[in-house]
Amino acid sequence: MLEAEGIYKSYGGISALKGVDFRVRAGSVHALVGENGAGKSTLVKILAGATSPDMGTLCLEGQPVHFASTAEAARRGIAVVSQELNLFPDLDVLANLFPMRELRRGPFVARKQMIAQARPILHELGLDLDLRALVETLSLEQRQLLEIARALMVHPRVLILDEPTSALHARQTELLHGVLRTLRQRKVAVVYVSHVLEDVLSLCDEVTVLRDGERVLDAIPVAQLKIEEIVAAMLGDK
Ligand code: ATP
């Protein structure tokens, strides 16, 4: 579904990615793991159009693509939930789920349609919120789930989640995993960045490990891996 080939990215003198290949298939939940600074978020940003690689190519369904922005990637069906939350704190929950529509100030009937679309997705994630509540009044975990709900609203073909459970309780994580399993059945490609290896083993189909900007394990079916092998790949000779 989405493929990156030979990706290089540096920040000043720091090489964040050194020729990384990565691909996620439709109907697969693909874990991307690695220690802090391994290059995961940089790769996520490139896949989602938030930044451009210095070198390397992206392909979507076999066709080369170049995303100048996350908006452009979103138009091609790629949704990202990044580590930094990107909600509008002074807008209400509903407006955050439809930011473009709120800017256009739709009529009342549109608001009813928006509510009808939003409710099932919030419900699936266990988010029982007053849709008129301002986001600034929500807890951190509610915001994290709302950000995920916003990504789901557009029914993406590729969903990229960077540490999506960092603020969540166990029950909320379980609900999220249930939603991701449903997406897998619907042939969505999911990239799941996490340092919680137990979650990776129980949820994901395949694992890619990055270390110091290089890919050291690629798309290994989770069933063939033990947690110790993932840790060993992450740490290398340390
Ligand atoms: P973490 O789990 O801590 O987010 P990561 O695996 O996602 O780590 P990246 O955030 O991609 O790793 O960082 C890879 C390397 O690039 C690190 O050395 C980091 O310090 C550096 N880096 C990332 N973003 C920037 C930036 N905007 N400016 C300078 N250096 C950066």
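Below you will find a few notes about this structure. Quick caveat: nothing in here was measured; it's all calculated off a predicted structure.

**Side note on helix α9 (residues 227-235)**
Those residues of α9 that sit buried are Ile230, Ala233 and Met234. Angular distribution of buried residues about the axis of α9 spans 100°; they occupy a single face of the element. Its buried side turned inward, α9 meets β3 (29-33), α8 (197-203), β9 (206-211) and β10 (214-221). Gly236 occupies a position one or two residues after α9 and carries a positive phi of about 65°.

**Describing the sheet that holds strand β2 (residues 14-24)**
Ordered in space as β2-β1-β4-β5, the 4 strands form an open sheet in which the pairing is antiparallel. Each of the sheet's edge strands pairs with one partner strand only, and the pair in question is β2 and β5 (63-65). When strand polarity is set aside, the average angle formed by the axes of neighbouring strands in this sheet is 30°. Of the strand pairs in this sheet, strand β1 (residues 2-11) and strand β4 (residues 55-60) are connected by 5 bridges, and their pairing is antiparallel. Bridged to Glu5 within β4 is Thr57. Along the sheet, helix α1 (residues 40-47) contacts β1, β2 and β4; its crossing angle with β2, the most-contacted strand, is approximately 60°.

**Let's talk about the sheet that holds strand β8 (residues 189-193)**
Pairing is mixed in the open sheet, where 6 strands are placed in the order β6-β7-β8-β3-β9-β10. A strand with exactly one partner marks an edge of an open sheet, and here the two such strands are β6 (78-81) and β10. Between one strand and the next, the sheet's axes are offset by a mean angle of 15°, whatever the strand orientation. Bridge count for β6 against strand β7 (residues 158-162) is 4 bridges, and the pairing is parallel. Within β7, the position partnered with Val81 by the bridge is Leu161.

**Considerations on the packing of helix α6 (residues 140-153) against helix α7 (residues 170-185)**
Following both chains from N to C, one finds α6 and α7 inclined at 10°, their axes separated by 12 Å at the closest point. What the angle tells us is that α6 and α7 run roughly parallel. Residues Glu141, Leu145, Ile148 and Leu152 of α6 pack against Gln172, Leu176, Val179 and Leu183 of α7. When grouped by side-chain class, the residues that make up the contact of α6 with α7 number 6 nonpolar, 1 polar and 1 charged.

**Looking at the side chain of Gln144**
Looking at where Gln144 falls in the secondary structure, it is placed in helix α6. The exposure class of Gln144 is buried, given its relative accessible area of 5%. Polar side-chain contacts of Gln144 include one of 3.0 Å to the backbone oxygen of Pro164. Beyond its immediate sequence surroundings of up to four residues, Gln144 is in contact with Leu85, Glu163, Pro164, Thr165, Ser166, Ala167 and Leu168.

**Quick notes on the nonpolar core**
Of all hydrophobic cores here, the largest spans 50 residues; its most connected members are Val33, Leu97, Leu146, Leu159, Leu180 and Val207. Counting residues per element, this core draws most heavily on α6, which supplies 7 residues. Other than its neighbours up to four places away in sequence, Leu159 contacts Ala79, Ala151, Leu152, Leu180, Leu183, Val188, Ala189, Val190 and Val191. Counting residues in hydrophobic clusters, the runner-up holds 26 residues, among them Val24, Leu32, Val44 and Val65.

**Some points on the pattern of salt bridges**
Taken as a whole and judged by the stated rule, the model has 8 salt bridges. One salt bridge connects Arg157 with Glu61, and the closest N-O pair in it is separated by 2.6 Å. Note that Arg157 is positioned in the loop between α6 and β7 and Glu61 in the loop between β4 and β5, a separation of 96 residues in sequence. Take Arg157: its relative accessible area is 30%, and that puts it in the partly exposed class. With relative accessibility at 48%, the residue Glu61 sits in the partly exposed group. In this structure, Glu174 engages Arg171 in a salt bridge whose closest nitrogen and oxygen atoms are separated by 3.0 Å. Pair noted here: Glu174 and Arg171 are both in helix α7, with a separation of 3 residues, about one helical turn. For Glu174, a relative accessible area of 49% puts it in the partly exposed group. Bridged by salt links that share partners, the residues Arg23, Arg25 and Glu206 form one connected network.

So, how was this worked out
- Residues numbered from 1 in each chain as written.
- Predicted model: local features only at pLDDT ≥ 70, side-chain atom pairs only at ≥ 80, totals over all residues.
- Heavy atoms only, no water.
- Buried < 20%, exposed > 50% of the residue type's maximum accessible area, 1.4 Å probe, protein only.
- Helix = DSSP H or I, 4+ residues; strand = E, 2+ residues; numbered from the N terminus.
- Arc of directions from axis to C-beta.
- Contact = heavy atoms within 4.5 Å.
- Pairing = 2+ DSSP bridges.
- Axes fitted to C-alpha atoms, helices over the stretch in contact; angles between N-to-C directions.
- Parallel < 35°, antiparallel > 145°, perpendicular 65-115°, else oblique.
- Nonpolar A, V, L, I, M, F, W, Y, C, P; charged D, E, K, R; others polar.
- Polar contact = N/O pair within 3.5 Å; in protein donor to acceptor, adjacent residues only side chain to side chain.
- Core = buried A, V, L, I, M, F, W, Y, C linked by side-chain atoms within 4.5 Å.
- Salt bridge = Lys/Arg side-chain N within 4 Å of Asp/Glu carboxyl O.

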